[in-house]
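Working through the structure, step by step
Listed below, chain by chain, are the residues.
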Amino acid sequence: MGTFQVLDHPLIQHKLTIIRNRDTGTKVFREVVNEISTLMAYEVSRDMPLEDVEVTTPIVKTVKKQLAGKKVAIVPILRAGLGMVDGFLNLIPAAKVGHIGMYRDEETLQPVEYFVKMPADIDQRQIFVVDPMLATGGSAIMAIDALKQRGANNFKFMCLVAAPEGVKALQEAHPDVDIYTAALDDSLNEDGYIVPGLGDAGDRLFGTK
Ligand code: URA
(Lines give C-alpha, C1' and ligand atoms only; values in the text may rest on other atoms or scores of the structure.)
Protein backbone atom coordinates (compact mmCIF):
# COMPACT_ATOMS: atom_id res chain seq x y z
CA MET A 1 0.00 0.00 0.00
CA GLY A 2 1.26 3.49 -0.84
CA THR A 3 1.68 6.00 1.94
CA PHE A 4 -0.84 8.68 2.91
CA GLN A 5 0.58 11.85 4.45
CA VAL A 6 -0.91 15.14 5.56
CA LEU A 7 1.83 17.74 5.11
CA ASP A 8 0.74 19.96 7.96
CA HIS A 9 3.83 22.12 8.41
CA PRO A 10 2.78 25.37 10.16
CA LEU A 11 3.61 27.45 7.09
CA ILE A 12 1.44 25.20 4.94
CA GLN A 13 -1.46 25.35 7.43
CA HIS A 14 -1.22 29.15 7.62
CA LYS A 15 -1.18 29.57 3.85
CA LEU A 16 -4.02 27.10 3.40
CA THR A 17 -6.21 29.15 5.74
CA ILE A 18 -5.57 32.18 3.51
CA ILE A 19 -6.81 30.40 0.40
CA ARG A 20 -9.81 28.89 2.22
CA ASN A 21 -11.06 32.40 2.96
CA ARG A 22 -13.74 33.32 0.44
CA ASP A 23 -12.56 36.96 0.54
CA THR A 24 -9.12 36.04 -0.85
CA GLY A 25 -9.01 37.28 -4.45
CA THR A 26 -7.56 35.61 -7.53
CA LYS A 27 -4.11 37.21 -7.39
CA VAL A 28 -3.38 36.26 -3.80
CA PHE A 29 -5.05 32.86 -4.19
CA ARG A 30 -2.76 32.03 -7.13
CA GLU A 31 0.36 33.29 -5.35
CA VAL A 32 -0.38 31.33 -2.20
CA VAL A 33 -1.19 28.11 -4.09
CA ASN A 34 2.20 28.57 -5.72
CA GLU A 35 3.89 28.96 -2.33
CA ILE A 36 2.15 25.94 -0.83
CA SER A 37 3.13 23.87 -3.86
CA THR A 38 6.78 24.78 -3.37
CA LEU A 39 6.62 23.81 0.30
CA MET A 40 4.94 20.53 -0.63
CA ALA A 41 7.54 19.83 -3.33
CA TYR A 42 10.18 20.05 -0.60
CA GLU A 43 8.37 17.41 1.46
CA VAL A 44 7.45 15.01 -1.35
CA SER A 45 11.01 14.97 -2.67
CA ARG A 46 12.42 13.68 0.63
CA ASP A 47 13.02 10.19 -0.74
CA MET A 48 14.72 11.27 -3.96
CA PRO A 49 17.74 9.06 -4.54
CA LEU A 50 21.22 10.45 -3.98
CA GLU A 51 24.60 9.36 -5.31
CA ASP A 52 28.18 9.97 -4.23
CA VAL A 53 30.14 12.71 -5.93
CA GLU A 54 33.70 13.89 -5.40
CA VAL A 55 33.93 17.58 -4.48
CA THR A 56 36.97 19.71 -3.76
CA THR A 57 36.33 22.27 -1.05
CA PRO A 58 38.82 25.10 -0.41
CA ILE A 59 40.29 22.77 2.24
CA VAL A 60 40.26 19.15 0.97
CA LYS A 61 38.93 16.75 -1.58
CA THR A 62 35.96 14.76 -0.24
CA VAL A 63 33.01 12.61 -1.31
CA LYS A 64 29.52 14.01 -0.71
CA LYS A 65 26.00 13.56 -2.09
CA GLN A 66 24.16 14.88 -5.11
CA LEU A 67 20.78 14.00 -6.62
CA ALA A 68 21.11 10.81 -8.63
CA GLY A 69 19.27 12.50 -11.46
CA LYS A 70 16.22 10.26 -11.47
CA LYS A 71 13.88 11.58 -14.10
CA VAL A 72 10.80 13.39 -12.81
CA ALA A 73 7.56 14.50 -14.43
CA ILE A 74 4.82 16.63 -12.95
CA VAL A 75 1.38 16.00 -14.39
CA PRO A 76 -1.29 18.58 -13.56
CA ILE A 77 -4.88 17.51 -14.01
CA LEU A 78 -6.37 20.39 -16.05
CA ARG A 79 -7.37 22.89 -15.26
CA ALA A 80 -6.91 23.46 -11.53
CA GLY A 81 -3.75 21.33 -11.38
CA LEU A 82 -1.97 24.01 -13.43
CA GLY A 83 -1.92 26.20 -10.33
CA MET A 84 0.48 23.80 -8.61
CA VAL A 85 3.02 23.46 -11.45
CA ASP A 86 5.18 26.58 -11.07
CA GLY A 87 5.56 26.16 -7.32
CA PHE A 88 6.75 22.59 -7.83
CA LEU A 89 9.15 23.64 -10.61
CA ASN A 90 10.69 26.24 -8.27
CA LEU A 91 12.40 23.35 -6.48
CA ILE A 92 12.60 20.75 -9.24
CA PRO A 93 13.17 22.89 -12.33
CA ALA A 94 14.33 20.07 -14.61
CA ALA A 95 11.04 18.16 -14.28
CA LYS A 96 9.15 17.57 -17.51
CA VAL A 97 5.48 18.56 -17.50
CA GLY A 98 2.75 16.31 -18.88
CA HIS A 99 -0.86 17.45 -19.10
CA ILE A 100 -4.06 15.54 -18.66
CA GLY A 101 -7.39 17.20 -19.29
CA MET A 102 -10.38 16.01 -17.33
CA TYR A 103 -13.60 17.83 -16.69
CA ARG A 104 -16.33 16.95 -14.29
CA ASP A 105 -19.72 16.33 -15.82
CA GLU A 106 -21.93 18.69 -13.84
CA GLU A 107 -24.80 16.21 -13.68
CA THR A 108 -23.14 12.85 -13.10
CA LEU A 109 -20.14 14.42 -11.26
CA GLN A 110 -18.05 11.84 -13.18
CA PRO A 111 -14.71 12.87 -14.75
CA VAL A 112 -14.36 12.83 -18.53
CA GLU A 113 -10.89 12.69 -20.20
CA TYR A 114 -10.39 15.04 -23.16
CA PHE A 115 -6.61 15.64 -23.50
CA VAL A 116 -3.42 13.72 -22.71
CA LYS A 117 0.11 14.86 -23.67
CA MET A 118 3.02 13.19 -21.88
CA PRO A 119 6.82 13.16 -22.16
CA ALA A 120 7.89 10.25 -24.40
CA ASP A 121 9.79 8.42 -21.66
CA ILE A 122 6.94 8.56 -19.13
CA ASP A 123 7.54 4.89 -18.25
CA GLN A 124 10.96 5.80 -16.79
CA ARG A 125 9.89 8.80 -14.74
CA GLN A 126 8.83 9.41 -11.18
CA ILE A 127 5.47 11.05 -11.77
CA PHE A 128 3.84 13.63 -9.51
CA VAL A 129 0.17 13.94 -10.43
CA VAL A 130 -1.19 17.20 -9.03
CA ASP A 131 -4.73 18.47 -8.51
CA PRO A 132 -5.64 20.89 -5.70
CA MET A 133 -8.81 19.05 -4.63
CA LEU A 134 -9.15 15.29 -4.04
CA ALA A 135 -12.94 15.17 -3.76
CA THR A 136 -14.58 11.92 -4.97
CA GLY A 137 -11.23 10.74 -6.32
CA GLY A 138 -12.77 10.21 -9.75
CA SER A 139 -10.42 12.52 -11.70
CA ALA A 140 -7.29 11.30 -9.93
CA ILE A 141 -8.23 7.66 -10.48
CA MET A 142 -8.99 8.23 -14.14
CA ALA A 143 -5.83 10.30 -14.70
CA ILE A 144 -3.64 7.61 -13.17
CA ASP A 145 -5.50 4.94 -15.20
CA ALA A 146 -4.72 6.91 -18.36
CA LEU A 147 -1.04 7.25 -17.39
CA LYS A 148 -0.71 3.56 -16.51
CA GLN A 149 -2.17 2.70 -19.93
CA ARG A 150 0.73 4.68 -21.41
CA GLY A 151 3.34 2.77 -19.41
CA ALA A 152 3.81 5.02 -16.38
CA ASN A 153 4.36 3.02 -13.21
CA ASN A 154 5.83 5.21 -10.47
CA PHE A 155 3.38 7.70 -8.95
CA LYS A 156 2.90 10.18 -6.20
CA PHE A 157 -0.32 12.19 -5.99
CA MET A 158 -0.31 15.71 -4.49
CA CYS A 159 -3.32 17.81 -3.56
CA LEU A 160 -4.04 20.74 -1.28
CA VAL A 161 -7.29 19.52 0.26
CA ALA A 162 -8.56 15.94 0.40
CA ALA A 163 -11.91 14.49 1.41
CA PRO A 164 -11.84 11.13 3.23
CA GLU A 165 -14.03 9.66 0.47
CA GLY A 166 -11.47 10.62 -2.20
CA VAL A 167 -8.51 9.25 -0.26
CA LYS A 168 -10.29 5.92 0.24
CA ALA A 169 -11.35 5.66 -3.41
CA LEU A 170 -7.86 6.50 -4.71
CA GLN A 171 -6.19 4.07 -2.31
CA GLU A 172 -8.57 1.30 -3.38
CA ALA A 173 -8.18 1.96 -7.11
CA HIS A 174 -4.42 2.56 -7.04
CA PRO A 175 -2.88 1.05 -3.89
CA ASP A 176 0.63 1.63 -5.30
CA VAL A 177 0.28 5.44 -5.25
CA ASP A 178 1.63 7.62 -2.43
CA ILE A 179 -0.85 10.37 -1.54
CA TYR A 180 0.18 13.74 -0.10
CA THR A 181 -2.25 16.44 0.94
CA ALA A 182 -1.92 19.72 2.82
CA ALA A 183 -5.18 19.02 4.68
CA LEU A 184 -7.67 16.22 5.22
CA ASP A 185 -11.11 17.82 5.44
CA ASP A 186 -14.40 16.53 6.88
CA SER A 187 -16.57 15.36 4.00
CA LEU A 188 -18.15 16.01 0.61
CA ASN A 189 -21.46 17.81 0.28
CA GLU A 190 -24.30 16.80 -2.05
CA ASP A 191 -22.84 18.98 -4.84
CA GLY A 192 -19.48 17.20 -4.67
CA TYR A 193 -17.67 20.07 -2.91
CA ILE A 194 -15.24 19.41 -0.09
CA VAL A 195 -16.39 20.70 3.33
CA PRO A 196 -15.06 23.04 4.64
CA GLY A 197 -12.83 23.10 1.54
CA LEU A 198 -12.05 26.25 -0.40
CA GLY A 199 -14.72 26.21 -3.10
CA ASP A 200 -13.99 25.56 -6.77
CA ALA A 201 -10.19 25.61 -7.05
CA GLY A 202 -10.21 26.19 -10.82
CA ASP A 203 -12.59 29.13 -10.60
CA ARG A 204 -10.66 30.66 -7.73
CA LEU A 205 -7.29 30.26 -9.52
CA PHE A 206 -8.45 31.65 -12.82
CA GLY A 207 -11.10 34.13 -11.71
CA THR A 208 -13.92 32.41 -13.58
CA LYS A 209 -17.45 31.65 -12.49
N1 URA B 1 -13.29 20.45 -6.97
C2 URA B 1 -13.12 21.70 -6.46
O3 URA B 1 -12.57 22.58 -7.11
N4 URA B 1 -13.56 21.94 -5.20
C5 URA B 1 -14.15 20.99 -4.45
O6 URA B 1 -14.53 21.28 -3.31
C7 URA B 1 -14.33 19.70 -5.00
C8 URA B 1 -13.89 19.46 -6.26
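Within every chain, residues take consecutive numbers counted from 1 along the sequence as written. Local features in this predicted model are restricted to residues whose pLDDT is 70 or higher, and side-chain atom pairs enter the listing and the counts only when it is 80 or higher, whereas totals over whole chains, interfaces and linings include all residues. Note that the side-chain values use all heavy atoms of the structure and ignore hydrogens as well as water.

In this text, helices come from DSSP runs of H or I with a minimum length of four residues, and strands from runs of E with a minimum of two, each type numbered from the N-terminal end. Any helix carries an expected span of 1.5 Å times its number of residues minus one. Compared with the 16 Å implied by 1.5 Å per residue over 12 residues, the 17 Å span of helix H4 (residues 138-149) between its first and last C-alpha is a close match. For every residue, the accessible area (1.4 Å probe, protein chains only) is compared with the maximum for its type, and the residue is labelled buried under 20%, exposed over 50%, or partly exposed between those bounds. Buried residues of H4: Gly 138, Ser 139, Ala 140, Ile 141, Ala 143, Ile 144, Ala 146 and Leu 147, and no others. Taken from the residues just after H4, Gly 151 is the one with a positive phi, measuring 100°.

Moving on, we come to the pairing of strand S2 (residues 50-56). Buried residues are scarce in S2, accounting for zero of its seven residues. In textbook terms, the turn of a hairpin is the stretch between consecutive antiparallel strands, and for S2 and strand S3 (residues 61-67) this stretch comprises four residues. Pairing between two strands is assigned when DSSP locates at least 2 bridges connecting them.

Our next topic: the packing of helix H1 (residues 10-20) against helix H2 (residues 26-44). Between H1 and H2, whose axes approach to 9 Å, the crossing angle comes to 155°. When the axis of H1 is compared with that of H2, the two are roughly antiparallel. Both H1 and H2 take part in a crossing whose hand is left-handed. Of the residues in H2, those touching H1 at Leu 11, Ile 12, Lys 15, Leu 16, Ile 18 and Ile 19 are Val 28, Phe 29, Val 32, Val 33, Glu 35, Ile 36, Leu 39 and Met 40. Per-class residue counts for the contact of H1 with H2 are 12 nonpolar, no polar and two charged. The axes are straight lines fitted to the C-alpha atoms, using for helices just the contacting stretch, and the angles between their N-to-C directions are given from 0 to 180°. Any angle between 65 and 115 degrees counts as roughly perpendicular, while under 35 counts as roughly parallel, over 145 as roughly antiparallel, and the rest as oblique. Take the far helix as your reference; a near helix turned counterclockwise from it by less than a right angle gives a left-handed crossing, and one turned clockwise gives a right-handed crossing. Here a residue-residue contact requires only that any non-hydrogen atoms of the pair lie within 4.5 Å. Residue type decides the class: Asp, Glu, Lys and Arg count as charged, Ala, Val, Leu, Ile, Met, Phe, Trp, Tyr, Cys and Pro as nonpolar, and the leftover types, Gly among them, as polar.

Next up on the list: the UniProt feature "binding site: 5-phospho-alpha-D-ribose 1-diphosphate" (unreviewed entry) in the protein chain. UniProt positions are given in the numbering used here, feature names are shortened, and annotations may be inferred rather than shown by experiment. When the UniProt feature table is mapped onto this chain, "binding site: 5-phospho-alpha-D-ribose 1-diphosphate" (unreviewed entry) is found at Arg 79, Arg 104, Asp 131, Pro 132, Met 133, Leu 134, Ala 135, Thr 136, Gly 137, Gly 138, Ser 139 and Asp 200. Take Pro 132: it is sitting in the loop between strand S8 (126-130) and strand S9 (133-134). Each residue touching Pro 132, except ones within four places of it in the same chain, is listed here: Ala 80, Gly 81, Met 84, Cys 159, Leu 160, Val 161 and Ala 201. Turning to its location among the elements, Asp 200 is positioned in the loop between strand S13 (194-195) and helix H6 (201-206). According to the relative accessible area criterion, Asp 200 is partly exposed, its value standing at 28%. When sequence neighbours within four positions are dropped, the list of residues in contact with Asp 200 reads Arg 79 and Tyr 193.

A separate point is a nonpolar patch on the surface. A cluster of nonpolar side chains, Tyr 103, Tyr 114 and Phe 115, forms an exposed patch at the surface whose accessible area comes to about 340 Å². Looking at the secondary structure, you find Tyr 114 in strand S7 (residues 111-117). Patch definition: residues above 30% relative accessible area lacking any salt bridge, with like charges linked at up to 9 Å and the nonpolar side chains Val, Leu, Ile, Met, Phe, Trp and Tyr linked at up to 5 Å. Exposure was quantified through the Shrake-Rupley algorithm and a 1.4 Å probe, taking into account, for residues, occlusion by the shown protein chains and nothing else. One speaks of a salt bridge when a side-chain nitrogen belonging to Lys or Arg is within 4 Å of a carboxyl oxygen belonging to Asp or Glu.

Residue proximity to a molecule or strand is established when one non-hydrogen atom of the residue lies within 4 Å of it. Neighbouring residues of the ligand: Arg 104, Met 133, Ala 135, Gly 192, Tyr 193, Ile 194, Gly 199, Asp 200 and Ala 201. The definition of a polar contact used here is a pair of N or O atoms within 3.5 Å, where within protein one atom must be able to donate a hydrogen and the other to accept one, and adjacent residues in sequence count solely through side-chain atom pairs. A distance of 2.8 Å separates an oxygen atom of the ligand from a polar atom in the backbone of Ile 194. Here Gly 199 contributes a backbone N or O atom positioned 2.7 Å from a nitrogen atom of the ligand. Taken together, the residues of the shell around the ligand break down into five nonpolar, two polar and two charged.

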